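Coordinate inspection notes
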Amino acid sequence: MKIRKAVLSDVPGIAKVHVDSWRTTYTNIIPDDYIQKLSYEKREQLWNGVIPKGNVFVAENDAGKIVGFSDGGAERSGKYKEFDGELNSIYILQEYQGLGIGTLLVKSVVNELKKLGMKSMIVIVLENNSSRLFYDRLGGKKIDTLEIEFAGKKLKELVYGWKDIHTLFP
């Protein structure tokens, strides 16, 4: 498995992982009609804009296929003043989950946040997403619960925080 910084030529692979992961992870959490409308093309547009500005990392299998990605940067909401960084997203194809790829992808984002002088980090995850347990295993502490409306459905999000990312991967 190879983890590296994403480049624009990775956009189709990232978009495929993004859409396919949503379809396996969020079925029965997010309304089906929303999931069915997801398209690779729209996600490609999104990532074409994010990659040049952001800290996006990809996981490639031995055949060079993108099987996961992560991205992060400054805390986006401004609501969590004691946290300066944020893990914005991490998605891994279902068949590659549980192999340690997620840890490597988070570590890549954390190392980039450290280079930017950031000392702490949050991540926001849907409460009904069983992958939230991954953040517990990484030592994240639940700092908030948010109620949102997504595609006409009320959902809860959990905010996990790490006050010192230097202790995450010493």
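Provided above is the structure to which this section pertains.
Residues numbered from 1 in each chain as written. Predicted model: local features only at pLDDT ≥ 70, side-chain atom pairs only at ≥ 80, totals over all residues. Heavy atoms only, no water.

**Description of the overall build of the protein chain**
In terms of regular secondary structure, the protein chain is built from five helices and seven strands. The linear arrangement of helices and strands in the protein chain, starting from the amino end, is β-α-α-α-β-β-β-α-β-α-β-β. Over its C-alpha atoms the protein chain spans a radius of gyration of 15 Å, differing by no more than 12% from the 15 Å that the globule rule assigns to 170 residues. On the principal axes, the C-alpha backbone points of the protein chain span a range of 40 × 35 × 30 Å. Relative to its 170 residues, the protein chain shows a buried fraction of 49%. Residue pairs in contact within the protein chain that sit at least 24 positions apart in sequence constitute 66% of those at least 6 positions apart. For the protein chain, the exposed surface amounts to about 8,900 Å²; the carbon and sulfur share of it is 50%. Side chains of the protein chain give 25 positive and 22 negative charges; the mean places of these two sets differ by 2 Å. (Helix = DSSP H or I, 4+ residues; strand = E, 2+ residues; numbered from the N terminus. Rg over C-alpha atoms; globule rule 2.2 N^0.38 Å. Buried < 20%, exposed > 50% of the residue type's maximum accessible area, 1.4 Å probe, protein only. Contact = heavy atoms within 4.5 Å. Areas by Shrake-Rupley, 256 points an atom, 1.4 Å probe, with all protein chains shown as cover. Lys, Arg positive; Asp, Glu negative; His and termini not counted. Charge placed at Lys NZ, Arg CZ, Asp CG, Glu CD.)

**Let's talk about the environment of lysine 156**
Here lysine 156 is to be found in strand E7 (residues 153-162). Here the alpha-carbon distance between lysine 156 and leucine 146, two residues 10 residues apart in the chain, equals 5.5 Å. Not counting residues up to four positions away in its chain, the partners in contact with lysine 156 are Val125, Leu126, Glu127, Thr145, Leu146 and Glu147.

**Considerations on the layout of surface pockets**
If you add up the space inside the largest pocket, you get close to 1,000 Å³. In terms of lining residues, the largest pocket is bounded by 43 residues, among which Tyr26, Ile90, Tyr91, Asn129 and Tyr135 are the most central. Elements supplying a minimum of two residues to the lining of the largest pocket: helix H1 (11-25), helix H3 (40-50), strand E4 (85-92), helix H4 (101-115), strand E5 (121-126), helix H5 (132-137) and strand E6 (141-150). (1 Å grid on protein atoms, 1.4 Å probe; cavity = no way out; pocket = protein on both sides within 12 Å on 5 of 7 lines; lining within 4 Å. Points joined across faces, edges and corners; volume = space filled by probe spheres on them.)

**Structural notes on the pairing of E4**
Along any regular strand the residues' side chains alternate between the sheet's two faces. Counting buried residues in E4 gives seven out of eight residues, a clear majority hidden from the surface. Bridge analysis of strand E3 (residues 66-74) against E4 gives seven bridges, and the strand direction is antiparallel. Bridge pairing in E4 places aspartate 71 opposite serine 89. Two elements, E4 and E5, share two bridges in a ladder whose sense is parallel. Opposite glycine 85, over in E5, you have methionine 121 as the bridge partner. For the crossover from E4 across H4 to E5, the handedness is right-handed. (Pairing = 2+ DSSP bridges. Right-handed = clockwise from strand over helix to strand, strands pointing away.)

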